[in-house]
Amino acid sequence: MKLYIVADMEGIAGVVSSQEVDSPSSPEYEQARKQFTAEVLAVCQGALEAGVEEVYVNDFHGTGCNLIHDRFPPQVVMIRGGFRRTSGFDLLDGSFAGLVLLGAHTRSGSTQGLLAHTYSRRLQFEIFGAPVGEFDLLALLAGEKKVPTILISGDDKTIEQAATNLPSTIGVVTKWSIGTRGAMCLHPMQVCTLLKEEIRRAVKNAPGIEPPAIMPPIPLVIRPLEPSLAERLNWIPRVKALPGGGFEFLGESMEEVANIVYGATLLASPGE
Ligand SMILES: [Zn+2]
């Protein structure tokens, strides 16, 4: 049995500011990186104890080089490196029994929850008219490969958002957000203990969880939050401007939708 973990940093214990996760030379980042490694390790250990034989970990935050690799046992396959066409779902196929979304965060444009974004803070994405975040897109990508999402961790607002599309997925709350800039935080060690307990339960539940299914054509809408981005989005083939603002793309698969989301993200990146 194989498990796939997409590991992001915003939703881990104690993190409330971008300084802690986006400034690799700062002491705040070093602290967050240690906790990030401890949480992912707790999930790996719990999963291995529950009978999982191999765990793939995708270091999904920023540079993709955050986790301290030598802390992990040899049954863990580490995927790391910069933003790429298959970021977050590299090598993910139907051979995995479940997906874990660790350290997730709220969707772009959310007025509650910490460090909200969907790849970019300057774009919002919708599928079938409903806003989607990174966790929705990754769960749908896995669903297309018949892999269920068995556990998600993050702040309380992220877990609330995930419950709409992933009702059977176990949610682990690491902190309770106070607006968008603060949170009441669980002790970091307590979060690791919780993750280790809950992954054991999630691995047992995995065969009973339906992967989210979506029938193509998949209507993706991109809403730029800055007017200057609209012109750039017009460059992408098959991306149509909508009369009320925003752009629509009809995807033949979730992987195609992800290609457009990632391409739009790079177009919206400052300095690109
Ligand atoms: Zn991140």
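Please read these numbers as outputs of a predicted model, since none were measured by experiment. (Residues numbered from 1 in each chain as written. Predicted model: local features only at pLDDT ≥ 70, side-chain atom pairs only at ≥ 80, totals over all residues. Heavy atoms only, no water.)

Caption draft 1: Focus on a nonpolar patch on the surface. On the surface, a cluster of nonpolar side chains totalling about 330 Å² of accessible area is made up of Trp-176, Ile-178 and Met-184. On the secondary structure map, Met-184 appears in strand β9 (residues 182-185). Met-184 sits in the exposed class, given a relative accessible area of 52%. (Patch = residues over 30% accessible without salt bridge, like charges linked within 9 Å, V, L, I, M, F, W, Y side chains within 5 Å. Areas by Shrake-Rupley, 256 points an atom, 1.4 Å probe, with all protein chains shown as cover. Salt bridge = Lys/Arg side-chain N within 4 Å of Asp/Glu carboxyl O. Helix = DSSP H or I, 4+ residues; strand = E, 2+ residues; numbered from the N terminus. Buried < 20%, exposed > 50% of the residue type's maximum accessible area, 1.4 Å probe, protein only.)

Caption draft 2: Just the domain arrangement of the protein, in detail. Segmentation of the protein into domains returns domain 1 (2-123 + 133-208) and domain 2 (218-267). Once you take the C-alpha centre of each, domain 1 and domain 2 turn out to be 26 Å apart. Summed over both partners, the interface of domain 1 with domain 2 comes to about 1,500 Å²; 65% of that surface belongs to carbon and sulfur atoms. One can count three salt bridges joining domain 1 with domain 2. (Domains from an automatic or database assignment. Buried area = accessible area lost by both parts, 1.4 Å probe.)

Caption draft 3: Spotlight on unusual backbone geometry. Omega for the bond connecting Pro-216 with Pro-217 falls within 30 degrees of zero, at 0°, which places this linkage in the cis form. Along the chain, Pro-217 turns up in the loop between α5 (188-205) and β10 (218-224). One non-glycine residue with positive phi stands out, namely Leu-91, at about 65°. When you line up the elements, Leu-91 lands in the loop between β3 (76-79) and β4 (98-104). In this model, Lys-146 sits at a positive phi of 65°, which is unusual for a non-glycine residue.

Caption draft 4: Local environment of the coordination of the zinc ion. The protein atoms donating to the zinc ion are Asp-8 (OD), Glu-10 (OE), Glu-10 (OE) and His-61 (ND1), with metal-donor distances spanning 2.0 to 2.6 Å. Around the zinc ion, the four donor atoms are arranged such that angles at the metal cover 53 to 138°; this shape is classified as irregular. Look at where the donors of the zinc ion fall in the sequence and you get D-x1-E-x50-H. (Donors = N, O, S within 2.8 Å, 3.2 Å for Na, K, Ca; no water. Tetrahedral: all angles 85-135°; square planar, octahedral: opposite > 155°, others 65-115°.)

Caption draft 5: Representation of the pattern of salt bridges within the structure. Taken as a whole and judged by the stated rule, the model has 13 salt bridges. Notably, a salt bridge pairs Glu-49 with Arg-200, separated by 2.8 Å at the nearest N-O pair. In this pair, Glu-49 sits in helix α2 (residues 27-49) while Arg-200 sits in helix α5, placing the two residues 151 residues apart along the sequence. Among the ionic pairs, Arg-201 bridges to Glu-198, the shortest N-O distance being 2.8 Å. With a gap of three residues between them, Arg-201 and Glu-198 both fall in helix α5, about one helical turn apart. A relative accessible area of 42% places Arg-201 in the partly exposed class. Linked by salt bridges that have partners in common, Glu-49, Lys-196 and Arg-200 make up one network.

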